[in-house]
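Survey of secondary and tertiary structure
For reference, the chains in residue letters:
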Number of protein chains: 2
Amino acid sequence: MESLPRRRVRRGAPVPVWRQIEIDLTFEIRTGFWGPGDRLPSEAELAAAYGVHRHTVRVALARLAEEGLVVSHQGKGVFVARRPVEYAVTRESKWSEFEQRLAANPDGKLLRSSVRTANAELAGLLALAPGAELLVVETLRRAGPGVSAYCYHVFDNARFAGIDAAFRRLHSYTPALAEFGHPEFFRAKTWIDCRLPRADEARALAVAADTPVMVMSYVDAGRDGTPILFGAAVVPNGRLRFRIDSP
Amino acid sequence: MESLPRRRVRRGAPVPVWRQIEIDLTFEIRTGFWGPGDRLPSEAELAAAYGVHRHTVRVALARLAEEGLVVSHQGKGVFVARRPVEYAVTRESKWSEFEQRLAANPDGKLLRSSVRTANAELAGLLALAPGAELLVVETLRRAGPGVSAYCYHVFDNARFAGIDAAFRRLHSYTPALAEFGHPEFFRAKTWIDCRLPRADEARALAVAADTPVMVMSYVDAGRDGTPILFGAAVVPNGRLRFRIDSP
């Protein structure tokens, strides 16, 4: 770790000073300038560099610890934690296999399901006619400590009515889809963006309402390319990052 | 568009009511439940559904319009805008080619460069020894209206000292890397996550300090797999989404 040059914070800005420091340190850690195992500068060094009271630094560090970015070792200092879990986006990507690598038992909970009419957008993604009936299923899935996803799955209701009940019984889509005649499915397309969580999502994922969540939207298809489902997995930011390997 | 069932907002929550509505509508649009060209329910319908004053709905809609998610047509209503630009992550992914598809001339501006010592993390990504000297170059790049990126590029300073000056002259890394003996480079690995912008980033990208930005981190390598650079592109959320096609 290099010695810390003077750093700027802006007083009276809409973003509180402690949060500016948190954002700044998050940048260093997330970008890899401070890597896993690196020791952060001391509270006193950080306070001097930012020209703030040590208490302000302490608040920022506490928030980083809550987010799992740093770990404090009493008397030794504050260290950058291990990198977040990586979810590799591939043709074989399946949340159920990802969670099985992280935890012994899949823990998928059905939250609610509803039927709605397909607009042009969703009809296009699922290769249906606009106006077709869609089954929208919301689930909460956990994959090991701290890694959960609030998931939306959208199905053609004509083919998949009842898959919500199958999910409730089986706690995972892989066996549910097998019961519906799709023992195999593959990731066709994936989009990644982020937004703030809805109140329901924030509550279920136990994240702050003003902290962004990552959203992975995708289409899963059969071997012949026919769309099976459109999904959107909402994951707390910072606990997981998406990885794409270019072969 | 279906008729709007009753929707809940929470008063006295840390997130203001207009923002809760904005988040809720953003969810509908981003997830595709309301697709491009769809007309949003009227202000009056939304106000009734959320049980709020029309002014509150108007504030939320104004924010959506600012973010480019909706377009208002006087007298006709508010419509979902076109989907954001998609950046496809592939072995051939290059920001310079992406921007050339969106705008005629690359507009890359050198912001600053600095030298720092490689920690284990960055040394590992660039296949260098820890302690090697790194050149960190910060640039601002524009690709068409509203799509810009604040970029960090990290190079082995022993091989690439002076590439910051080449970038300043050429406004793009592709020709700069060619001058340094790398006419070809390929995307080896990509990670996507999000965070809040640093003050510098927010200012350069002209985004609100409390609005998340997406971060694409990556390693570009030569044909033989030798790492050339580690990059991180910070892009305003909502203007661009990342797409991964599984072959």
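Residues numbered from 1 in each chain as written. Chains lettered and ligands numbered in written order. Predicted model: local features only at pLDDT ≥ 70, side-chain atom pairs only at ≥ 80, totals over all residues. Heavy atoms only, no water.

An unreviewed UniProt entry lists chain A under the name Phosphonate metabolism transcriptional regulator PhnF, with Rhodoplanes tepidamans as the source organism.

Let us now look at the interface of chain B and chain A. On the chain A side, the residues contacting the 60 residues of chain B number 61 residues. Approximately 5,300 Å² of surface area, both sides summed, lies buried where chain B meets chain A, with 55% of it carried by carbon and sulfur atoms. Summed over the shared surface of chain B and chain A, the number is 11 salt bridges. For Arg116(A), the salt bridge goes to Glu28(B), with nearest N and O atoms at 3.5 Å. Counting residues per element, the ones that place at least two in the side of chain B that touches chain A are helix H1 (17-31), strand E4 (107-117), helix H5 (120-125), strand E6 (148-156), strand E7 (186-195), helix H9 (199-205), strand E9 (227-236) and strand E10 (240-245) of chain B. Ranked by residues supplied to the side of chain B that touches chain A, first place goes to E7(B) with nine residues. Considered class by class, the residues forming the side of chain B that touches chain A number 26 nonpolar, 10 polar and 24 charged. In this structure, strand E7 (residues 186-195) of chain A lies alongside E10(B), joined through four bridges in antiparallel fashion. Paired with Lys189(A) across the two strands is Asp245(B), which belongs to E10(B). (Contact = heavy atoms within 4.5 Å. Buried area = accessible area lost by both parts, 1.4 Å probe. Salt bridge = Lys/Arg side-chain N within 4 Å of Asp/Glu carboxyl O. Helix = DSSP H or I, 4+ residues; strand = E, 2+ residues; numbered from the N terminus. Nonpolar A, V, L, I, M, F, W, Y, C, P; charged D, E, K, R; others polar. Pairing = 2+ DSSP bridges.)

Turning next to empty space enclosed by the protein. A complete count under the given rule lists three cavities of 30 Å³ or more for this structure. Counting only elements with at least two residues in the lining of the largest cavity, the list comes to helix H4 (95-102), E6, helix H8 (173-179), strand E8 (213-221) and E9 of chain B. Lining the second largest cavity we find 16 residues, and of these Trp95(A), Arg141(A), His153(A), Tyr218(A) and Asp220(A) sit closest to its centre. At the level of elements, helix H4 (95-102), helix H8 (173-179), strand E8 (213-221) and strand E9 (227-236) of chain A are the ones that each hand at least two residues to the lining of the second largest cavity. By residue number, the principal contributor to the lining of the second largest cavity is E8(A), which donates three residues. Considered class by class, the residues forming the lining of the second largest cavity number eight nonpolar, four polar and four charged. (1 Å grid on protein atoms, 1.4 Å probe; cavity = no way out; pocket = protein on both sides within 12 Å on 5 of 7 lines; lining within 4 Å. Points joined across faces, edges and corners; volume = space filled by probe spheres on them.)

Considered domain by domain, chain A is made up of domain 1 (17-80) and domain 2 (85-243). On a C-alpha basis, the centres of domain 1 of chain A and domain 2 of chain A stand 34 Å from each other. (Domains from an automatic or database assignment.)

For the rest of this paragraph, the subject is helix H3 (residues 54-66) of chain B. All names here are of chain B. Between its terminal C-alpha atoms H3 stretches 18 Å, which fits the 18 Å expected from 13 residues at 1.5 Å a residue. All of the buried residues in H3 are Thr56, Val57, Ala60, Leu61, Arg63 and Leu64. Buried residues in H3, looked at end-on, bunch into an arc of 155°, giving them a common side. Of the surrounding elements, those touching the buried residues of H3 are H1, helix H2 (43-50), strand E1 (70-73) and strand E2 (77-80). (Expected span 1.5 Å × (residues − 1). Buried < 20%, exposed > 50% of the residue type's maximum accessible area, 1.4 Å probe, protein only. Arc of directions from axis to C-beta.)

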